[in-house]
Structures are given as structure tokens and as C-alpha cells.
Amino acid sequence: MSRRALASALAAAFTAAAGLLVAIVIAPSAHAAGTGTGYLRTSGNKIIDSTGATVRLTGINWFGMETDNKTFHGLWSSNPWRSQLDTMARLGYNTLRIPYSNDALKPDAAANSINTAVNPDLLGLSPLQILDKVIEYVGTKGMRVILDRHRPTSAGQSALWYTPAVSETTWINDWKMLAQRYAGNTTVIGADLHNEPHAEGTNPNATGACWGCGDINRDWRLAAERAGNAILGVQPNWLIFVEGVSCPSGGLSNVWDNDPSNDESCGWWGGNLSKAGEFPVRLSVANRLVYSPHEYATSVYHQDWFDEPDYPANMPALWDGFWGYLYKQNIAPIMMGEFGSTLTNPIDKVWLQELMKYTGTGVDGMSFTYWSWNPNSGDTGGIALDDWTNINTEKQAILQPYLIAPVGGTSPTSGGPTGGSTTGPPPGACTATYTQTNAWNGGFQGSLTVTNTGGTLNPWNVVWTWPSGVTLGSGWNATVTQSGTTVTAAAPSWSPSLAGGASVTIGFTANGTASPPASVRLNSATCS
């Protein structure tokens, strides 16, 4: 993640899209639960699954593979990697965006800063092998994965998609390798081609990424076509996520040269798609293009628009001009790949609330992946707190109404990268003991003691089933509810955390024939 911003006022209106490739539009006939079935594709401004049902990706970024660690941050903590993914899924994040650098893909790349006492299954694995395991487990949660080429090297980001050390050929070949590695694995749905192309130099003496300028060495739109089509040649089922630039010319807007002809509206790195309507990305496979802008708040950079007298009422028009028009004009789906803030400034809380409203509610809204899960993101913080276990409830409360939780998932399999070793929470990650303490005509009383034999859970929940006809009367030591034959005991606010080795006893009364709880689960783990 780069956090450099370029300030200037945004033009109020943009011309309608012209010259777009004609694609077959499949009208979605239903809404998919979670992230749908099979590979995904696009239809107008919607992402749809293999049945034609609309899917909304409501995800989160978990970074680290793009850094010197060459693997996910937080693996050094006391919270196991599976437990962290369990929490993401439980909170409602149905997609994981995974940043990487080309350094992490090298044959001799080595991951570091892993607490192998907590994550013994990662001992000695390469960055790609760890990625395999994470992708496999994400699939068991019903989540999807977007791979994000975040940096050419672990040293930092680049304005262009290539550098003297990492050529365009390397960039494309590494993408083709990943597409082949995960071919046939429907958990991995696509490629975010290059993170945050942006301006360098001063307009008109630009040296950074432009959009539609026609310079083969700088035109990000043309480069996205080359890389996207190369990937689709290997894996035609992937979505191709294309970010914007910062300034369409590829140079910082120079408003002080007394020449208004070269002034332009600039925005966040990767956040300016204002020219995509006029110069669309043209892919060789129809219905695969998703535009993916980035959007940030004052904890990243204090843009001029935050000081406008009509803030935040001015923001929807700003978002319309930079990228929202693509969605509103039914040109292509939008998937905000990054957005976030520390929320320490009240302005930022308003910004996040208004941005989420702008994306829309329900499954028909715009997709997004929040930045980030990581608490160690210097300018935004994370959903996870510093222990990588507890949650920033203020941020989560704003995002929660817009999250569509994952549903179902694949069974762990064996084999290569498209399957991988089993990584789900195994049976026995918790134990359950039931005691019937009383019974009467038409009802009974019992207590269920569940012991957590895995890592710390916050918050925890216990789920079990009863036969048809058995209904909950009352419950204590948890917030106990029933839906159909499924009973859920959610952690109370006064005791949300359940440490490894600790137990919780849930008491209840019930109506019907005395029956012990069956199929007991602690969060996602099946209890023995």
C-alpha cells in the first residue's frame, strides 16, 4: 500500500462511455448466497456466479507476502493462522485479497517471522506453499481469493508495472505461473494486475502511469490489456481486476505554470478511473473485467475535498467522477480493492459511513475488500487489534451492515496446489460434555461444557442441533437463540474471549423430549 495523494479539484461531469467492446449480457435471475457457485463472471455492473446469480464480494486484505517477510503478517502472533481466517469469515468477510511481491515467488524465496509453536504446519514451507495452504483453507470457509501483485520487489511500490529489476515480461510470466498453479481451483477467482499505478514527474513532463495516453511504456490501460489477456490465455475463467491511476497524464498536475491546458484532476494512487469510460480495457474474453479503485481518508493524506464547506455532501459527486460512473452507467462492476482509516479523526468516521452508503446495500451493491485485517498498517490500522485476535469494534460496526458472510465451502482435499493438504479445523479442536440436570413432563434442563483446545477465540460461539420438536426455553452464560433445529450460544459482552484450554458452560431449559445437544461446534471447529 502506498499512501501518497495528489490534490486538486475534480471536474463535475464526465462524458458517457464510448467505443466499448460489445459483450453478451446475461441478466442475473437470482441472488447467490455467500460468494456463489463455480467461477465468477460479469454482467453489466454485476458480478455473477456460474448459475447467473448475483454475487457481492465483501472482503478484506491480509498483507505481508509483499514485504520482506514474504508471507502473511501476524503469523508471529499467538493466534494461529486458521483461527484468524475463522474470525474473518465469522465477521462476514467473504473474500480475501492477498498482496504479494514478485520476490516472494522466486524459487529460493524464504518466509520468515513465523511462530512455529503456534503454526507448526508452516515450518519449513516456502511462501508459495504457505499461500497454497491459506487458499485451501479459505475454500473450506466458502470464501474467495483475489491475488494482488502489490510490489515488484519487497522494497516498495512502483509507479509503473515494471522496474529495472522486474521487467514487464517477468510481471506477466509470474501471473501466468499463478494462473496455472491454481487452475481448476474455484476459490481463486482473479488477478489484481498491479497495485496503485501512479504519476511521476510533472504534467506535461510525465514519467508515471497514464491512462489512454497511448505511450506503450506508460499507458496503464494498454499494459492491463497485455497482462490480462496473457492470464486469460492460461486461465480464461479468472476475473481481471484493473485499478486506476492517480493522474490520467501520468504526471503531477502543475497548476502553477500559468497554463490551464495541462491541468487535470488527480486522486489517490490507483483511484482514478475517470478515463476508463473513454478508453476501456479490452480483454480477449468477454465478461471478465472488474474495475478496482482505491479510496482513503485523512489518516492517509488530507485531500482538499475533506475541507470543502459542504463535506461530506460533496463526496458522492467526487466518487461518481473518479470511478462510480462506471457502475452507475452499467459499464462494469466496481470492486474497491482498498479503503480504510484509523478513524482517529471524526472526519474519517463520517467518510467511512458515507462511502459505505455510496456502495449500496444488499447483494446488488458494489464489491469491496477493506484495508486491512492487519493492525500494523501504519496509516489505517486494521480490523484486528495488536494481539491479532481481538477486533476493532468501531470499524466493524460501520462495515457490518454491508458484509455478506461466506456460505458453505469446499471439503479439504489432498494433492497439489489446486487441492493441497487438509487445513481445516480438525475434529477435536474442542471437546463438549453434556449433563442433564433436571427433567419434567414436557421439558428438561441441562448444561453443556465446551473446552477450547485451539487458540484464543474472540468472540466465541457454540452451535448445536436438537431433534425437531425440541425448543429452547431459556439460557444463561451466553446469549442463546434457536433457529429451526439449530441452537446458537453467542459469547456475552462481559466475557467475549475464550482462551486456549479454557472452558465455558452454557445452561438452558428446553421444551420437548429430553435430548442432548448434537453436532456441537465451537466457532468453526467440530467438538469431540
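Residues numbered from 1 in each chain as written. Predicted model: local features only at pLDDT ≥ 70, side-chain atom pairs only at ≥ 80, totals over all residues. Heavy atoms only, no water.

Time to look at the overall build of the protein chain. Helices and strands together make up the secondary structure of the protein chain, namely 7 helices and 24 strands. The buried share among the 528 residues of the protein chain stands at 57%. Counted over contacts in the protein chain with a minimum sequence separation of 6, partners at least 24 positions apart contribute 75%. For the protein chain, the exposed area adds up to about 19000 Å²; of that, 53% sits on carbon and sulfur atoms. (Helix = DSSP H or I, 4+ residues; strand = E, 2+ residues; numbered from the N terminus. Buried < 20%, exposed > 50% of the residue type's maximum accessible area, 1.4 Å probe, protein only. Contact = heavy atoms within 4.5 Å. Areas by Shrake-Rupley, 256 points an atom, 1.4 Å probe, with all protein chains shown as cover.)

Our next topic: the nonpolar core. In this structure, Leu 96, Leu 147, Leu 193, Trp 220 and Tyr 291 are the most contacted members of the largest nonpolar core, which totals 97 residues. If you tally residues by element for this core, the top one is helix α5 (residues 315-328), at 8 residues. Residues contacting Tyr 291, with those up to four places away along its chain left out, are Trp 211, Val 242, Leu 273, Ala 276, Pro 280, Val 281, Leu 326, Ala 332, Pro 333, Ile 334 and Met 335. Counting residues in hydrophobic clusters, the runner-up holds 25 residues, among them Ala 429, Val 470, Val 487 and Ala 510. (Core = buried A, V, L, I, M, F, W, Y, C linked by side-chain atoms within 4.5 Å.)

Structurally, Glu 196 is set in the loop between β7 (188-192) and β8 (201-202). There is a polar contact of 3.3 Å between the side chain of Glu 196 and the side chain of Gln 157. (Polar contact = N/O pair within 3.5 Å; in protein donor to acceptor, adjacent residues only side chain to side chain.)

Spatial strand order, β16-β17-β22-β19: 4 strands in an open sheet with antiparallel pairing. For this open sheet the edge positions go to β16 (430-440) and β19 (471-476), each flanked by a neighbour on one side alone. Direction aside, neighbouring strands of the sheet carry axes that sit 25° apart on average. Bridging between β16 and strand β17 (residues 443-452) involves 10 bridges; their strand directions are antiparallel. In the sheet register, Ala 432 faces β17, and the bridge partner there is Val 450. (Pairing = 2+ DSSP bridges. Axes fitted to C-alpha atoms, helices over the stretch in contact; angles between N-to-C directions.)

This part is about the side chain of Glu 66. Within the secondary structure, Glu 66 is located in the loop between β4 (58-61) and α1 (81-91). No salt bridge is formed by the buried Glu 66; its nearest oppositely charged neighbour, Arg 151, is found at 4.8 Å. (Lys, Arg positive; Asp, Glu negative; His and termini not counted. Salt bridge = Lys/Arg side-chain N within 4 Å of Asp/Glu carboxyl O.)

Next up on the list: the state of the cysteines. In the structure shown here, the tally under the stated rule is 3 disulfides. Shown here is the disulfide that connects Cys 210 with Cys 213, its sulfur atoms set 1.9 Å apart. A sulfur-sulfur separation of 2.1 Å characterises the disulfide bridge that pairs Cys 247 with Cys 266. With the S-S bond torsion at 125°, the cross-link from Cys 247 to Cys 266 turns out right-handed. Placement of Cys 247 in the loop between β10 (239-242) and β11 (289-291) and of Cys 266 in the loop between β10 and β11 is noted, with a sequence separation of 19 residues between them. Residue Cys 266 is classed as buried on the basis of its relative accessible area of 1%. Numbered by position along the chain, the disulfide-linked cysteines of the protein chain connect as 1-2, 3-4, 5-6. (Disulfide = S-S within 2.5 Å.)

Turning our eyes to something else, we now look at the sheet that holds strand β21 (residues 486-490). Pairing is antiparallel in the open sheet, where 5 strands are placed in the order β20-β21-β18-β23-β24. Single-partner strands in this sheet number two, and they are β20 (479-483) and β24 (525-526). Across 5 bridges, β20 lies against β21 in antiparallel orientation. Residue pairing for β21: Ser 483 is matched across the bridge by Thr 486.

Turning next to the confidence of the model for the protein chain. Low pLDDT marks stretches whose predicted atomic positions should not be read closely. Scored by pLDDT, the protein chain comes out at a mean of 89, with 89% of its residues at no less than 70. Counting interchain partners and residues more than four positions distant, the pLDDT-below-50 stretch residues 411-428 has 43 contacts. (pLDDT = per-residue confidence, 0-100.)

This part is about the packing of aromatic side chains. Per the stated rule, a full pass over the model turns up 26 aromatic pairs. By the ring-pair criterion, three or more aromatic residues cluster together here, those being Trp 268, Tyr 296, Trp 305, Phe 306, Tyr 311 and Phe 322. (Phe/Tyr/Trp six-rings, centres within 6.5 Å; stacked < 30°, edge-to-face > 60°.)

This part covers the environment of Tyr 182. Summarising the element assignment, Tyr 182 is placed in the loop between α3 (168-181) and β7. Through-space distance from the C-alpha of Tyr 182 to that of Gln 235 is 8.9 Å; in sequence the pair is 53 residues apart.

Side-chain alternation along β10 places Leu 239 and Phe 241 on one buried face and Ile 240 and Val 242 on a second face that is also buried. In terms of strand pairing, β7 meets β10 through 3 bridges, oriented parallel. If you follow Gly 190 over to β10, its bridge partner there is Leu 239. Summarising the sheet, β10 and β11 pair through 3 bridges and their orientation is parallel. Across the sheet, residue Ile 240 finds its bridge partner in β11, namely Leu 289.

Positionally, Arg 56 belongs in the loop between β3 (54-55) and β4. Since its relative accessible area comes to 0%, Arg 56 is described here as buried. For the pair Arg 56 and Lys 46, spaced 10 residues apart in sequence, the C-alpha separation works out to 8.2 Å. Of the polar contacts made by the side chain of Arg 56, one reaches the backbone oxygen of Gly 362; its length is 2.9 Å. A distance of 3.5 Å separates a polar atom in the side chain of Arg 56 from the backbone oxygen of Gly 365.

This paragraph deals with unusual backbone geometry. Cis geometry marks the peptide bond from Tyr 311 to Pro 312, where omega comes out at 5°. With respect to the helices, strands and loops of the structure, Pro 312 is situated in the loop between β12 (294-296) and α5. Between Trp 371 and Ser 372 the backbone carries a cis peptide bond, its omega angle lying at 5°. Located in the positive-phi region is Asn 287, a residue other than glycine, with phi close to 65°. Relative to the elements of secondary structure, Asn 287 occurs in the loop between β10 and β11. The phi torsion at Leu 343 lies on the positive side, around 65°, for a residue other than glycine.

So, on to the packing of helix α2 (residues 127-140) against α3. Between α2 and α3, whose axes approach to 13 Å, the crossing angle comes to 40°. On the basis of the axis angle, α2 is oblique to α3. Crossing handedness for the pair α2 and α3: right-handed. Each of Leu 128, Gln 129 and Asp 132 in α2 lies in contact with α3, whose residues at this interface are Met 177, Leu 178 and Arg 181. Grouping the constituent residues of the contact of α2 with α3 by class yields 3 nonpolar, 1 polar and 2 charged. (Parallel < 35°, antiparallel > 145°, perpendicular 65-115°, else oblique. Left-handed = near helix turned anticlockwise from the far one by under 90°. Nonpolar A, V, L, I, M, F, W, Y, C, P; charged D, E, K, R; others polar.)

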